[in-house]
Amino acid sequence: MSMDSDTSSHSGADYRSFRQITRDRLLIEMLRSTRKSSKSTWKVLIMDKLTVKVMSFSCKMADITEEGVSSFTFVFLRAEGVAPRNMVEDLYKRRQPLPSLDAIYFMQPTKENIRIFMSDMSGKNPLYKKAYVFFSSPVQRELVAHIKKDSTVLTHIGALSEMNLEYFAIDSQGFVTDHEKALEELFSEDAEGSHKYNACLNTMATRIATVFASMGEFPRVHYRVARTIDASTLTTLRDLVPTKLAASVWNCLARYKSAIPEFPQTETCELLIVDRSIDQIAPIIHEWTYDAMCHDLLSMDGNKYVQEVPSKNGGANEKKEVLLEDHDPVWLELRHAHIADVNERLHEKMTNFISKNKAAQLQQARSGGELSTKQLQKMVQALPQYSDQIDKLTLHVEIAGKLNNIIREQHLKDVGQLEQDLAFGDAGTKELINFLRTRLDVSRENKLRLLMIYAAINPEKFGSEKGAKLMQLAGLSADDMIAVNNMRCLCGPDTKKPSAGGFTLKFDLHKKKHGVRKERIGEESTWMLSRFYPILEDLIEKLSKGELPKDEYHCMNDPSPSFRGIPGSTSARTSPAHQPAQSMRSRRIGGTWARPRSSDDGYSSDSVLKHASSDFRKLGQRLFIFVIGGATRSELRAAHKLSSKLKREIILGSSSLDDPPQFITKLKMLSTEELSLDDLQI
C-alpha cells in the first residue's frame, strides 16, 4: 500500500480528515487501483460480514458504483447471517457464475474466507474472469502459500494485497473496533485464560493498528498502568487489560514498520489507551446535547430515526426512515449543541424561511399563528422547490419537540440537576434519599441511573445494608440491583486491604473520592445542566501538553529525537507559547435555557467546523484516544471540541459507542466476582 506524505500528521497543504482518508483508501487505493490491469468495465465486489460494515460506514452506494462496481455479493461466514435487502447470497450456496466480469474480494484473512475464495476461482470454470484480493488485516504467510500452491487459482489473480483497514469510521473523528461484548469478555469473572479474552484483545489490537496503517502514522503508545503491586493491594486481571492491549498494538505496529513501504520509522503522533474505569459516570448521566439526547431518549436503531409524514393520498400518516448523519447539514450544525440552543436555532431557521417565502407567510396567516409540524409537512407538498429545505427543518422540529416532551414528562431537569450535583460533590446521601422518597413521579429507570452515579462515587456504601435500603427505596428490580453492584465493583476506590472472601476493584488509588469532578474555571458555562464534562476531556489536554501523570500512565516507546510533541520541543505544535491555557469550566450560577447572541463556547459543532479545517492545515500532530469497554457521545463531542481548541485533530476510538441503555445492559452481564494476580499464569 502507498503511504503518501499527505496522510501523516505533519502535512498541511492537502489536509484530509480521518474519515476522508478511510474513504479514499477504499475507493481509490482499492477499487480504482484495479482499473489499471483490468479489461472489465464493471466488476463484482465481494465482502464478508465485517468488511460490509467497514465499507458502509465510510462510503455510499453511489460512491462504489462510480468506481465501476456493478453488483455486490456480501458473503456471510455464519449461516444465521441475515441478508439486507435481498442482496446477500448465502456463503454455502453456489453463486451465479459471471465469467465475463472481474471480481474484487475485500475480506478478512481467515481460513474460511480463503477456502471460499479458492473454491470460487479454482478449476476450469471459475466464477469470475479475474480476482483482485484485498485483505482487511495482515494475512498469515501459510495462507498466502496455500493460495499460491494452486496454479489454476494463481493465473486468475490480478492482485493480492493487504489493505490493513479493519475498523468502522463512525464519525469524522471517531472509530470503533466492533467489540460490543468487550466489557463481558475482558472484565467478567471467567475472563482469565479464556479463548474469548485473548481473541478479543488480539483482534482489538489488530484493528487499532490498521487505523495507523491507514493514516500513515506511527504513535507513541501511552497506556493506563495497573496498580502498584504490594502486600496490601491486589492487582486484578481487569487492571492489566490496558497494558496487555498496548503491548499487542505495539507488536502490530512494529511489524508494520518493516512490512509496509514508507511506514514512518519515527513517532508522528500519540495514542492513549484507557479503559472504562477512568469514568464510570459519563456512560450513565443524562447528556443535554442534541446527538446524545436523540440516542438516549428516542429508542433509535443506530442513526435511524422513524418519522411520521402525511400521506400523499390524504390517508393516515406514513412512516419514513431517515438517517441522522453528516449528509444532513442541519444535523451537522446542531448535533453537539445543547437542546435549549437547538430549540432556539430551529425557531430562528424557521422564522427566516417564512420571512423570505410568501407562500409560507400565506400558510402561516391561514393557521393564525405558529406553523405546526404537520402544516410544515403539508407545505412540502405545496412548495416542491423548497422540499429538501423544509424536510430537514420539519424533521428536526419534530425531533426537538419529542425531546422536549420527554424532558417535561420524565422531569429530567430535576433528575439532571441531582445527577450533576452528585457528580460534583454538591449533593450526597441525604439529598439522594430525600429525592427517592419524595419524587414518586420519577421513573424507576431514572432512579436506577441516579443510584449508579452514587455507587460510582461511593462504592463503599453499597457493601453494607445501607446500599440495599437505597435500592429498595428506589424500587429497583433484581436486574437493576446487579447493574448498581457491578458499577460499584467496576470502580471501587477503597484502598483498604480486602478481607478474606471479599473483593474490591481499585482502579485509582490516588483519588480520595472516585468520580467527583472538580469545578473548571476559565470557561463559562452558558447553559443549565451543562457543567458536567467527561474525565477524558482532562486526559486529552494533559496528553497534548505531555503532562500525563507518570505513575498512572506509561509509554511503550521512548520519544525519538525527531518527535515534535514532547515537552521542551521547539515545535509550535506543543511549545508553551502555543498551548492554550488549561481548560477549566466553572459551575454555572443561575443558568438559563436562553442563548446569548455572542455565545460561542466551542461546544457547538458549527463552531468547531468553522475553524477546524484551517486549523488542521496550519498545525498538526494527531492525538488518538482508545477507550476499552465503550466510549460515550460526550467523549466524542469532547474530541471535536478540543480539536478546535488545541489545534490538533483528535480521533476517538473504542470497542463500541454506547448510549446509557446499552451500557446499563452490558453492566448487568458482568459478574461481581474478581480474579487476583495469584490466578494469573505469568
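The structure under discussion appears in the preceding block.
In this text, all values refer to a predicted model and were calculated from it rather than measured experimentally.

Colleague: Which parts of the structure should I look at to understand empty space enclosed by the protein?
Modeller: Any empty space left between the atoms is revealed when a probe the size of a water molecule rolls over them. The final tally for this structure, using the stated rule, is eight cavities of 30 Å³ or more. Ala 282, Pro 283, Ile 285, Glu 287, Ala 292, Asp 296, Thr 632, Arg 633, Ser 634, Asp 658, Asp 659 and Pro 660 are the residues that line the second largest cavity. Taken together, the elements giving at least two residues each to the lining of the second largest cavity come down to helix H10 (290-297) and helix H23 (633-646). Here the lining of the second largest cavity is built from residues that sort into five nonpolar, two polar and five charged.

Colleague: Please clarify how helix H19 (residues 465-473) should be interpreted in this entry.
Modeller: Note that an α-helix has 3.6 residues per turn; residues three or four places apart therefore point the same way. Listed as buried for H19 are Gly 467, Leu 470 and Met 471. Buried residues of H19 fall within an arc of 95 degrees about the axis and therefore sit on the same side. Within H19, the exposed residues directed more than 90 degrees away from the buried face are Glu 465, Lys 469 and Gln 472. Following H19 by one or two positions, Gly 475 has its phi on the positive side, about 70 degrees.

Colleague: Could you clarify how one ought to interpret the nonpolar core in this entry?
Modeller: With 120 residues, the main nonpolar core has Leu 186, Leu 245, Ile 273 and Leu 451 as its most contacted residues. For this core, the leading source of residues is helix H8 (residues 195-215), giving 11 residues. Once residues within four sequence positions are removed from consideration, Leu 245 is found in contact with Leu 201, Met 204, Ala 205, Ile 208, Ile 273, Phe 626 and Ile 628. Tyr 290, Trp 331, Ile 399 and Leu 403 belong to the second-largest nonpolar core, a separate cluster that totals 26 residues.

Colleague: Just to check I follow, could you spell out the pairing of strand E13 (residues 623-628) for this structure?
Modeller: Within a regular strand, the side chains alternate between the two sheet faces. Most of E13 sits inside the fold, with six of its six residues counted as buried. Alternating residues of E13 divide into Leu 623, Ile 625 and Val 627 and Phe 624, Phe 626 and Ile 628, and every residue in both groups is buried. Here five bridges tie E13 to strand E14 (residues 650-654), and the two strands are oriented parallel to one another. Looking at E14, one finds that Phe 626 is bridged to Gly 653. In this view, the connection linking E13 to its parallel neighbour E14 by way of H23 has right-handed handedness.

Colleague: Explain helix H5 (residues 141-149) here, please?
Modeller: Along H5, the positions that sit buried rather than exposed are Leu 143, Val 144 and Ile 147. For H5, the angular spread of the buried residues around the axis is 100 degrees, confining them to a single face. Every exposed residue of H5 that faces more than 90 degrees away from the buried side is listed here: Arg 141, Glu 142, Lys 148 and Lys 149. Against the buried residues of H5 lie helix H4 (111-121), strand E4 (131-135), helix H6 (151-154) and strand E5 (157-162).

Conventions and cut-offs
Residue numbers run consecutively from 1 along every chain, following the written order of its sequence. Thresholds applied to this predicted model are a pLDDT of at least 70 for local features of residues and 80 or more for the giving and counting of side-chain atom pairs; totals over whole chains, interfaces and linings are not thresholded and use all residues. Each side-chain value is derived from all of the structure's non-hydrogen atoms; neither hydrogens nor water enter the calculation. Buriedness of a pocket was judged along seven lines, with at least five required to meet protein on both sides within 12 Å; pockets are open sets of points on a 1 Å grid over the protein atoms alone, cavities are sets where a 1.4 Å probe fits but cannot get out, and lining residues have an atom within 4 Å of a point. Grid points are joined across faces, edges and corners, and a volume is the space filled by probe spheres set on the points. Numbered from the N terminus, helices here are DSSP runs of H or I no shorter than four residues, and strands are runs of E no shorter than two. Under the grouping applied here, Gly and all other residues not named as nonpolar or charged are polar, the nonpolar ones being Ala, Val, Leu, Ile, Met, Phe, Trp, Tyr, Cys and Pro and the charged ones Asp, Glu, Lys and Arg. Three exposure classes are used, based on accessible area relative to the maximum for each residue type with a 1.4 Å probe and protein chains only: buried under 20%, partly exposed in between, and exposed over 50%. What the arc measures is the spread of directions leading from the helix axis to the C-beta atoms. To form a nonpolar core, buried Ala, Val, Leu, Ile, Met, Phe, Trp, Tyr and Cys residues must be joined to one another through side-chain atoms within 4.5 Å. In what follows, residue pairs with any heavy atoms lying within 4.5 Å of each other are defined as contacts. For two strands to be treated as a pair, DSSP must find at least two bridges joining them. With the strands aimed away from the viewer, a crossover counts as right-handed if its path from the first strand over the helix to the second runs clockwise.

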